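Here is what each chain is made of, one letter per residue.
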Amino acid sequence: MFHLPPNAEQLEIFWLLCLFVAGKNAKVQQDKLRAFLAALRRRYAGRHGGPLSVLASLNEPDRYNVIDLELRDCKAGQYTRLHGAIMASAKLAPFLTCRPQGGACQDFELMRRDLVPHLVPGAGLKTASFFSLYGHGLECAVLDTHIIAHLKAKGELPQKFNLGPQNYRQAEIVFLELCNKMGRKPWDMDFEIWAERSKS
C-alpha cells in the first residue's frame, strides 16, 4: 500500500486493483494485475503516466484491443466486467485521481464515490468505497458480509437487514456512528472487524 496522499499513478494502479479483486481472491488477482501492468509497461515503455492515462492516450479501437489482449494474457477472469470497467476508467482517470483543495474535499470525495458506480460498469458502491477510503482518505464504509454481521451482532442493524444499493447509505451511517462512538477511524474499524471475523 502507500501513504496518503498517493500520486496520480499510484491511484490509477490502486483503482485497477480495486476492479481486479472485486468478488475474487485478492492475492490471486493482485498477481494477475501485476502481470497486466507489466505487459502495459513493456508495450508502452516510452509513454509517461499511470496505466489508465497511458490507455486513455490510445485511440478507442486500440485501447479496446489492448485491454482485451492483456486481460486474456494475464488470465484475469471476468473479462467482460473488467474490460468495460477499464475502458470507462481510462476516460475517467483525471476524475478518479484529482485531489480538490480547500474545505469541500469530503463533499467532493463523497460525490465522486457515489458517482463512480454510475460511470464505471461493474464497479459498485463497495468497490468505490474501498478506493475512496484507502486511496483518498474519505471517511466512508466498505460494507461487506463481515461489517454487516458485526453491526447485526452489536444490535446496530436488524437481524433481517439485507444490504443492497438502495440501503447502502443507511448502513454506512450506522457504521460511521459506531466508529465515532468508539473513537475509531473507519479504516481502523474496517480492518479490525475484517481481521476478527475472517478468523471465524
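Criteria and cut-off values
- Residues numbered from 1 in each chain as written.
- Predicted model: local features only at pLDDT ≥ 70, side-chain atom pairs only at ≥ 80, totals over all residues.
- Heavy atoms only, no water.
- Bend = angle between axes of the 7 residues up to and from the residue.
- Helix = DSSP H or I, 4+ residues; strand = E, 2+ residues; numbered from the N terminus.
- Buried < 20%, exposed > 50% of the residue type's maximum accessible area, 1.4 Å probe, protein only.
- 1 Å grid on protein atoms, 1.4 Å probe; cavity = no way out; pocket = protein on both sides within 12 Å on 5 of 7 lines; lining within 4 Å.
- Points joined across faces, edges and corners; volume = space filled by probe spheres on them.
- Nonpolar A, V, L, I, M, F, W, Y, C, P; charged D, E, K, R; others polar.

Some remarks on helix α5 (residues 79-97)
At Lys91, α5 shows its largest kink, close to 65°, and the proline Pro94 lies no more than four residues downstream. By the criterion of burial, α5 is predominantly enclosed, with 14 of the 19 residues buried.

Digging into unusual backbone geometry
Phi angles above zero are rare outside glycine, and Lys75 is one such case at about 55°. With respect to the helices and strands, the residue Lys75 is situated in the loop between α4 (60-73) and α5. Take Lys75: its relative accessible area is 56%, and that puts it in the exposed class. In this model, Gln78 sits at a positive phi of 45°, which is unusual for a non-glycine residue. Within the secondary structure, Gln78 sits in the loop between α4 and α5.

Quick word on the layout of surface pockets
Roughly 960 Å³ of internal volume is contained in the largest pocket. Lining the largest pocket are 27 residues; nearest its centre among them are Phe14, Leu17, Val21, Ala26 and Phe130. Looking at the lining of the largest pocket element by element, the count peaks at seven residues for helix α1 (residues 8-21). Within the lining of the largest pocket, the residues separate by chemical class into 16 nonpolar, five polar and six charged. Quantified by volume, the second largest pocket comes out at close to 160 Å³. Around the second largest pocket sit Glu9, Ile13, Leu37, Leu40, Arg41, Tyr44, Ala45, Arg47, Gly49, Gly50, Pro51 and Val54, which together line it. At the level of elements, α1, α2 (26-43) and α3 (51-56) are the ones that each hand at least two residues to the lining of the second largest pocket. Broken down by element, the lining of the second largest pocket gets its largest block of residues, three residues, from α2. Its residues assigned to classes, the lining of the second largest pocket comprises seven nonpolar, two polar and three charged.

Note that all results are geometric; they support no functional claim without further evidence.
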